[in-house]
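In case you want the letters, here they are:
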Amino acid sequence: MEKNLTTGSVMKTVLYFSLPYLLSYFLQTLYGMADLFIIGQFNGVECTTAVSIGSQVMHMVTVMIVGLAMGAVVMIGQAIGAGKKEQASSAIGNTITLFMALSVVLTLILLLLVKIIVNGVSTPKEAVAGTVSYLTICFIGIPFITAYNIISSIFRGMGDSKSPMYFVAIACAANIALDYLFIGGMGLGPAGAALGTTLSQTISVIVSLFMIMRQKAGIRLSVYHLRPHWNTMAGLLKVGIPIAFQDGFIQISFLAITVFANMRGLNDAAAVGIVEKIIGILFLVPSSMLQTVSALCAQNIGAGKHERARLTLRYAAAIAVAWGICAVAIMQLEAEPFIGLFADSAQVVQLGGQYMRGYVWDCLLAGIHFCFSGYFCAYGLSGMSFLHNSLSIICVRIPVSYLASRYFVDTLFPMGLASTAGSALSVVICLAVYRWMGRKRYQKINN
């Protein structure tokens, strides 16, 4: 399970680690689409809407949990890179203790607020009951969802990105089978979709724990390591909290843009919604590069190999940029056929093509600042990642989207460019921070 990522070819290491990550993200995307596809086969639009809204809420919760777990990836990676097995054991043990406690508290809070949340996201009245059922069951399962994500984070911090891919594959297969059982066979509707999601992740947790017990991980855990060590907890939260808030903030910005599109009418709303789904697939590569950089750089920083960490950043950014160029080229030429896979309306396809041609440039620029975010997190500077993303959202992404939606009523192209402009600001800030870090390092060497 434990893998040393501080030696050998940097490019090969980046590819070796990132490909399972990419496949994991792809499987998670299929995992999320399965509920909607299956419930659409057996139930009406009100049930599909309930699952759609409920899954969006759960996605936001899960994204914030994964962001908070970034602290575990960094601390464990630095300890492994430095050869400090006891420190790594402490980080793993405290990660388990911290996240299990937080998951119980989060479960209780969300169960108390479930109806407020459903009303707060403007759920259509026909879908309210189904959405409440879906979220109630998913909220009860949060401890298992949390366990599923922190186990994956622990593996990745130890340099193993393959095992989490297997866990996702198991969860994906179990979810599809259980959805057909609960939704198709038993007719449970949105509640069945929620049961399938929760139970599939529980199965994945059981399998992962079995694998951990069967393997010789090189790390030994005892009751002592599970006891709260405040310095370790503080280190986990120092990195994780800014990332969790950043990811939550990003989800809110997506929601705001969706609201702006909804204000323009049904066709515009449908076009924006379709493009967001396609963009989510295109962003799998930048997202995998972010996680790859954070895990690999953390180990190299722990080993004192700062130049290798910088090379990891450069290679990952080059891969992300190459992917972005391909995505831009394809979508500039063939946006409409891709939109047409999800819509029959000629107007929706036309509007979607406009929005995509502006938005797809974000795939290129986001690949750059995603890699920088992973690099900053590896150094424990997750606040920098939070800063550039927050400034991008507040100063550019949301206001420009709003203005474009109001003043360019015949086209969605300027509205698509708003996200690209936001990422451009993030890239500028990241380059400035990277240069500042280089100067600090130069001054330290010469002093």
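Just so it is clear, the model here is predicted, and its values are computed rather than measured.

Caption draft 1: Main features of the overall build of the chain. Per the secondary structure count, the chain includes 17 helices and zero strands. Here the chain has a C-alpha radius of gyration of 22 Å; the compact-globule value for 447 residues is 22 Å, and the two agree. Overall size of the chain, expressed as C-alpha extent along the three principal axes, is 60 × 50 × 35 Å. Counted over contacts in the chain with a minimum sequence separation of 6, partners at least 24 positions apart contribute 83%. Summed over its atoms, the accessible surface of the chain is roughly 19,500 Å², and 70% of this surface lies on carbon and sulfur atoms. Separation of charge centres in the chain, based on 27 positive and 16 negative side chains, amounts to 19 Å.

Caption draft 2: Up close: the nonpolar core. Within the largest apolar cluster, 68 residues are counted, with the highest numbers of intra-cluster contacts made by M70, Y355, M356, C371, Y375 and M415. Counting residues per element, this core draws most heavily on helix α15 (residues 361-378), at 11 residues. Every residue in contact with C371, bar those within four places of it in the chain, is listed here: M289, V293, L313, A316, A317 and A320. In this structure, I65, I92, L135 and I150 belong to the second largest nonpolar core, which totals 41 residues.

Caption draft 3: The packing of helix α13 (residues 306-340) against helix α14 (residues 346-359), seen in detail. In the contact formed by α13 and α14, the axes pass within 8 Å of each other and the chain directions differ by 140°. The angle between α13 and α14 places the two elements in the oblique class. The two elements α13 and α14 meet at a crossing, and its hand is right-handed. Packed against α13, whose contacting residues are M331, Q332, L333, A335, E336, I339 and G340, the element α14 presents V348, V349, G352, G353, M356 and R357 at the interface. A per-class count over the contact of α13 with α14 returns seven nonpolar, four polar and two charged.

Caption draft 4: Layout of a nonpolar patch on the surface. A surface patch of nonpolar side chains, about 740 Å² in accessible area, is lined by L255, V259, M263, Y402, L403, Y407 and F408. When residues of the nonpolar patch are traced back to their parent elements, those giving at least two are α10 (230-264) and α16 (382-407). Structurally, the position occupied by L403 is in helix α16. What makes L403 partly exposed here is its relative accessible area of 44%.

Caption draft 5: Inspection of the packing of aromatic side chains at higher detail. For the structure on display, the rule yields eight aromatic pairs. Put simply, the rings of F372, Y375, F376, Y379 and Y434 pair up and form one aromatic cluster.

Caption draft 6: Just α13, in detail. Along its 35 residues, α13 runs 47 Å from first to last C-alpha, staying within 8% of the 51 Å computed at 1.5 Å per residue. In α13, a bend of some 80° at E334 exceeds every other bend along the element, and P337, a proline, comes one to four places later.

Caption draft 7: Fine view of the packing of helix α4 (residues 85-120) against helix α6 (residues 142-157). As a packed pair, α4 and α6 sit with axes 9 Å apart at the nearest point and diverge in direction by 155°. By the criterion of interaxial angle, the relationship of α4 to α6 is roughly antiparallel. Considering only the axes of α4 and α6, their crossing is right-handed. For the pair α4 and α6, the contacting residues are I92, T95, I96, F99, M100, S103, L106, T107 and L110 in the first and I142, P143, T146, A147, I150 and I154 in the second.

Caption draft 8: Structural view of the pattern of salt bridges. One pass over the full model with this rule turns up four salt bridges. The salt bridge involving R310 is made with E307; its shortest N-O contact spans 2.6 Å. With R310 and E307 both in helix α13, this residue pair falls three residues apart, about one helical turn.

Caption draft 9: Spatial organisation of the environment of P164. Along the chain, the position of P164 falls in helix α7 (residues 162-185). Sequence separation between P164 and P20 is 144 residues; the distance between their C-alpha atoms is 8.2 Å.

Caption draft 10: Focus on the environment of L102. With respect to the secondary-structure elements, L102 resides in helix α4. We classify L102 as partly exposed; its relative accessible area is 35%. With 41 residues separating them in the primary sequence, L102 and P143 have C-alpha atoms 8.6 Å apart.

Caption draft 11: Quick look at the confidence of the model for the chain. For the chain, mean pLDDT is 82; residues scoring 70 or higher make up 92% of the total. By mean pLDDT, helix α9 (residues 223-226) is the weakest element of the chain at 71, and α13 is the strongest at 92.

Caption draft 12: Layout of the side chain of T107. By the secondary structure assignment, T107 is in helix α4. If we skip the residues at most four places from it in the chain, T107 touches F139, I140, I142 and P143.

Caption draft 13: Just the side chain of Q354, in detail. Assignment of secondary structure puts Q354 in helix α14. Among the residues examined, Q354 registers a relative accessible area of 17% and is labelled buried. Within the structure, Q354 has its side chain in polar contact with the backbone nitrogen of L412 (distance 3.0 Å).

Caption draft 14: Spatial organisation of the state of the cysteines. If you walk through the whole model with that rule in mind, you get zero disulfides. You can see C172 has no disulfide; the closest cysteine sulfur is in C138, sitting 16 Å from it.

About the thresholds
Residues numbered from 1 in each chain as written. Predicted model: local features only at pLDDT ≥ 70, side-chain atom pairs only at ≥ 80, totals over all residues. Heavy atoms only, no water. Helix = DSSP H or I, 4+ residues; strand = E, 2+ residues; numbered from the N terminus. Rg over C-alpha atoms; globule rule 2.2 N^0.38 Å. Contact = heavy atoms within 4.5 Å. Areas by Shrake-Rupley, 256 points an atom, 1.4 Å probe, with all protein chains shown as cover. Lys, Arg positive; Asp, Glu negative; His and termini not counted. Charge placed at Lys NZ, Arg CZ, Asp CG, Glu CD. Core = buried A, V, L, I, M, F, W, Y, C linked by side-chain atoms within 4.5 Å. Buried < 20%, exposed > 50% of the residue type's maximum accessible area, 1.4 Å probe, protein only. Axes fitted to C-alpha atoms, helices over the stretch in contact; angles between N-to-C directions. Parallel < 35°, antiparallel > 145°, perpendicular 65-115°, else oblique. Left-handed = near helix turned anticlockwise from the far one by under 90°. Nonpolar A, V, L, I, M, F, W, Y, C, P; charged D, E, K, R; others polar. Patch = residues over 30% accessible without salt bridge, like charges linked within 9 Å, V, L, I, M, F, W, Y side chains within 5 Å. Salt bridge = Lys/Arg side-chain N within 4 Å of Asp/Glu carboxyl O. Phe/Tyr/Trp six-rings, centres within 6.5 Å; stacked < 30°, edge-to-face > 60°. Expected span 1.5 Å × (residues − 1). Bend = angle between axes of the 7 residues up to and from the residue. pLDDT = per-residue confidence, 0-100. Polar contact = N/O pair within 3.5 Å; in protein donor to acceptor, adjacent residues only side chain to side chain. Disulfide = S-S within 2.5 Å.

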